[in-house]
Amino acid sequence: MKKVLVTGGCGYIGSHTMVDLMDNGFEVLSIDNLSNADGSALAGIRKITGQRVRNYKVNLCDLKKTRQVFEKNPGISGIIHFAALKSVEESVFEPLRYFHNNNESLLNVLACAQEFGVPDFIFSSSCSVYGNATELPVTENTPFREAESPYARTKQMGEKIIGDFTKAAPTVKAMLLRYFNPAGAHPSALIGESPRTKASNLVPVITETAIGKRASMTVFGSDYDTRDGSCVRDFIHVMDLANAHTKCLQFLMANPQAVPCEVLNAGIGSGVTVLEAIHAFEKVTGQRLNYQIGPRRAGDVVAIYANAEKAARLIGWAPQRGIEEIMRSAWEWEQRRSR
Ligand code: WQD
């Protein structure tokens, strides 16, 4: 079995991706310092797959300790690098912490990929690299605009670092996966989104409101130039997103002559407004949601959604799940974790 190192494997997308990798015959190991995950995902993964996954509780900014993981695990065929600080709002107040953590950990993992001869590298990037895109849907050739947050800038910088590195290091090939809005949970409701910090993303805020952890929620703005005045986003089910990583790895392994660094959008290719997402939740769950319309949130882009044709063409990936399955699985996860 080919061995894959997943950094941030105890996190939301990392844990779902490890399940998909194992379902597709890969052996996985994780490095996660548990700064934003509590390790309970490993128990969920074991129940789902019947297999135990080893997590090394190591800070990737510590090159010495990171190298030791590679020394202990020879023959790693691929790396999927999720580990990063990812709060848009927090990054605005702590830019240096974000630049140090996200860039230094990336540099260390790339150095180990080169030193230990790991040929394939997948990077967790984000649609936030596009900034306030003027053309929609965005394609992989849509140029970067000004990053709306230091978090987004670390993703722009990460992509450039990997591009330069793979041009110079012929032994490593990379794919940069630009996520749109990941949401939902594994159908077993044994793993899902469980941030250590208070949720700020729309879907967990909806489910926390519905279950009573929040008295109400706010729709940040209904006066945008969109079909119902609220923002538009491309919500991608985390199970579909997980499978995109597996398909990227399979593509790299099957195409050693592939270009050094490929970029792919990971979105479903259409947009849903915030109010439509709320109504989808109410329809699927039968729950009436207590929300009010409030002022716009600083840093929000009005609308963004993907042109997803390249991923379908290049790696044969086509997302299967829409907003209603996202809401159904997110609600089941919220109910289970709140028991
Ligand atoms: C979505 C929409 C809010 C909460 C960010 C990052 C992206 C990715 C996902 C990491 C916006 C509205 C939200 C609420 C609301 N991060 N909203 N009330 O900002 O699109 O994307 O998180 O992978 O890279 O940029 O996601 O879920 O915070 O917001 O009205 O209580 O929901 O205004 O329009 P966002 P989000």
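The shown structure was predicted, so the numbers you read here are calculated from the model rather than taken from an experiment.

Basis of the calculations
- Residue positions are given per chain, counted from 1 along the sequence in the order it is written.
- For this predicted model, a pLDDT threshold of at least 70 governs which residues receive local features, and a threshold of 80 or more governs which side-chain atom pairs are given and counted, while totals over whole chains, interfaces and linings are taken from all residues.
- Values reported for side chains reflect all heavy atoms of the structure, with hydrogen atoms and water molecules removed beforehand.
- Only one rule defines a salt bridge in this text: a Lys or Arg side-chain nitrogen within 4 Å of an Asp or Glu carboxyl oxygen.
- Whether a residue is buried, partly exposed or exposed follows from its accessible area with a 1.4 Å probe, protein chains only, as a fraction of its type maximum: under 20%, in between, or over 50%, in that order.
- We count a stretch as a helix when DSSP gives it H or I for four or more residues in a row; a strand needs E for two or more, and each element gets its number in order from the N terminus.
- Any residue with a non-hydrogen atom lying within 4 Å of a molecule or strand is treated as near it.
- Any pair of nitrogen or oxygen atoms within 3.5 Å is treated as a polar contact; in protein, a donor-acceptor pairing is required on top of that, and neighbouring residues in sequence qualify only through side-chain atoms on both sides.
- Note on areas: Shrake-Rupley with a 1.4 Å probe; residue coverage comes only from the protein chains shown.
- Any residue outside Ala, Val, Leu, Ile, Met, Phe, Trp, Tyr, Cys, Pro, Asp, Glu, Lys and Arg is labelled polar, Gly included; the first ten of those are nonpolar and the last four are charged.
- Nonpolar cores are built from buried Ala, Val, Leu, Ile, Met, Phe, Trp, Tyr and Cys residues. Side-chain atoms within 4.5 Å join them into one set.
- Here, a strand pair is defined by DSSP locating no fewer than two bridges between the strands.
- What counts as an axis is a line fitted to C-alpha atoms, over the stretch in contact for a helix, and the angles between N-to-C directions run from 0 to 180 degrees.
- Any two of the Phe, Tyr and Trp rings considered here, Trp counted by its six-membered ring, make a pair once their centres fall within 6.5 Å; the pair's planes then place it as stacked at under 30 degrees, edge-to-face at over 60, or tilted in between.
- Placement of a positive charge over a ring is assigned whenever Lys NZ or Arg CZ falls within 6 Å of the ring centre and within 35 degrees of the normal to the ring plane.
- Convention used here: angles under 35 degrees read as roughly parallel, angles over 145 as roughly antiparallel, angles from 65 to 115 as roughly perpendicular, and any remaining angle as oblique.
- By definition, any crossing whose near helix is turned counterclockwise from its far helix by less than a right angle is left-handed, and any crossing with a clockwise turn is right-handed.
- Contacts are assigned to residue pairs that have any heavy atoms within 4.5 Å of one another.
- What the arc describes is the spread of directions from the helix axis to the C-beta atoms.

## Some thoughts on the pattern of salt bridges
Okay, so step 1: In total, this model carries 21 salt bridges according to the counting rule given.
Okay, so step 2: For Glu208, the salt bridge is made with Arg214, and the minimal N-O distance between the two is 2.8 Å.
Okay, so step 3: Residue Arg214 is classed as buried on the basis of its relative accessible area of 16%.
Okay, so step 4: Lys283 serves as the salt-bridge partner of Glu324, at 2.7 Å between the closest nitrogen and oxygen. Here the residue Glu324 occupies a position in helix α11 (residues 323-337), and Lys283 occupies one in helix α9 (residues 274-285), the gap between them amounting to 41 residues.
Okay, so step 5: For Glu324, a relative accessible area of 30% gives the class partly exposed.

## Remarks on the site of the ligand
Okay, so step 1: Looking at the ligand, there are 17 residues lining it, with Ser126, Leu202, Thr218, Arg233 and Asp300 nearest.
Okay, so step 2: Side-chain polar atom of Ser126 to an oxygen atom of the ligand: 2.6 Å apart, as the coordinates give it.
Okay, so step 3: Across the complex, the protein chains shield 91% of the 690 Å² of accessible surface that the ligand would expose by itself.
Okay, so step 4: Going through the elements one at a time, α7 (202-211) and β8 (217-220) are the ones with two or more residues in the shell around the ligand.
Okay, so step 5: Taken together, the residues that form the shell around the ligand break down as 8 nonpolar, 6 polar and 3 charged.

## As for the nonpolar core
Okay, so step 1: By size, the foremost hydrophobic cluster in this structure holds 58 residues, and its most contacted members are Leu21, Met175, Ile206, Phe235, Ile315, Ile323 and Met327.
Okay, so step 2: It is helix α8 (residues 238-254) that provides the largest number of residues to this core, a total of 7 residues.
Okay, so step 3: Among the nonpolar cores identified, the runner-up in size contains 26 residues, and Val58, Leu110, Val118 and Val172 belong to it.

## Here we look at the side chain of Asn102
Okay, so step 1: Its location among the elements puts Asn102 in helix α5 (residues 95-115).
Okay, so step 2: For Asn102, the side chain forms a polar contact with the main-chain nitrogen of Leu85, separated by 2.8 Å.
Okay, so step 3: A distance of 2.9 Å separates the side chain of Asn102 from the side chain of Asn101, its partner in a polar contact.

## Quick word on the side chain of Thr285
Okay, so step 1: Here Thr285 is to be found in helix α9.
Okay, so step 2: Separated by 3.1 Å, the side chain of Thr285 and the backbone nitrogen of Gln287 make a polar contact.

## Considerations on unusual backbone geometry
Okay, so step 1: With omega at -5 degrees, the peptide bond leading from Leu136 into Pro137 counts as cis.
Okay, so step 2: Mapped onto the fold, Pro137 is located in the loop between β5 (120-126) and α6 (150-168).
Okay, so step 3: Positioned with a positive phi, Leu34 is a non-glycine residue whose angle comes to about 60 degrees.

## Concerning the sheet that holds strand β6 (residues 173-179)
Okay, so step 1: On the basis of which strands lie adjacent, the open sheet formed by 7 strands has the order β3-β2-β1-β4-β5-β6-β11 and parallel pairing. Each edge of the open sheet carries a strand with a single partner, namely β3 (54-56) and β11 (261-266). Taken over all neighbouring pairs, the strand axes of this sheet differ in orientation by 20 degrees on average, direction set aside.
Okay, so step 2: In the sheet, strand β1 (residues 3-7) pairs with strand β4 (residues 76-81) via 5 bridges, with the strands oriented parallel. Its bridge partner lying in β4, Val6 is registered against Ile80.

## Notes on the packing of aromatic side chains
Okay, so step 1: Counting across every chain of the model gives 3 aromatic pairs.
Okay, so step 2: When the ring of Phe281 is compared with that of Trp331, the centres are 5.5 Å apart and the planes differ by 85 degrees; the resulting orientation is edge-to-face. Placement of Phe281 in helix α9 and of Trp331 in helix α11 is noted, with a sequence separation of 50 residues between them.
Okay, so step 3: Between Arg296 and the ring centre of Tyr224, over which it is positioned, the NZ or CZ distance is 4.0 Å.

## Quick word on the packing of α5 against α6
Okay, so step 1: With their axes 10 Å apart at the nearest point, α5 and α6 run at an angle of 25 degrees to one another. In terms of orientation, α5 and α6 fall into the roughly parallel class. The hand of the α5/α6 crossing is right-handed. Across from Pro95, Tyr98, Phe99, Asn102, Asn103, Leu106, Leu107, Leu110 and Gln114 in α5, the residues of α6 making contact are Pro150, Tyr151, Arg153, Thr154, Met157, Gly158, Ile161, Ile162 and Phe165.

## Points about helix α3 (residues 63-72)
Okay, so step 1: Here α3 has its buried residues at Thr66, Val69 and Phe70. One side of α3 holds all its buried residues, which, seen down the axis, span an arc of 95 degrees. Looking at α3, the residues exposed on the side facing more than 90 degrees away from the buried face are Lys64 and Lys72.
Okay, so step 2: Along its buried surface, α3 packs onto β1, β2 (27-31), β3, β4 and α5.
Okay, so step 3: By the N-cap criterion, in which a side-chain oxygen at the helix start approaches the backbone nitrogen of a residue two or three places on, α3 is capped by Asp62, the distance to Lys64 being 3.1 Å.

## Describing the environment of Leu34
Okay, so step 1: Relative to the helices and strands, Leu34 resides in the loop between β2 and α2 (40-49).
Okay, so step 2: Leaving out residues up to four positions away in the same chain, Leu34 has contacts with Cys10, Gly39, Asn55, Lys57 and Arg196.

## Describing the pairing of β8
Okay, so step 1: The alternating pattern of β8 places Met217 and Val219 on a buried face, while none of Thr218 and Phe220, on the opposite face, is buried.
Okay, so step 2: In this sheet, strand β13 (residues 291-294) lies alongside β8 in parallel orientation, the contact comprising 4 bridges. Note that in β13 the partner of Val219 across the bridge is Ile293.

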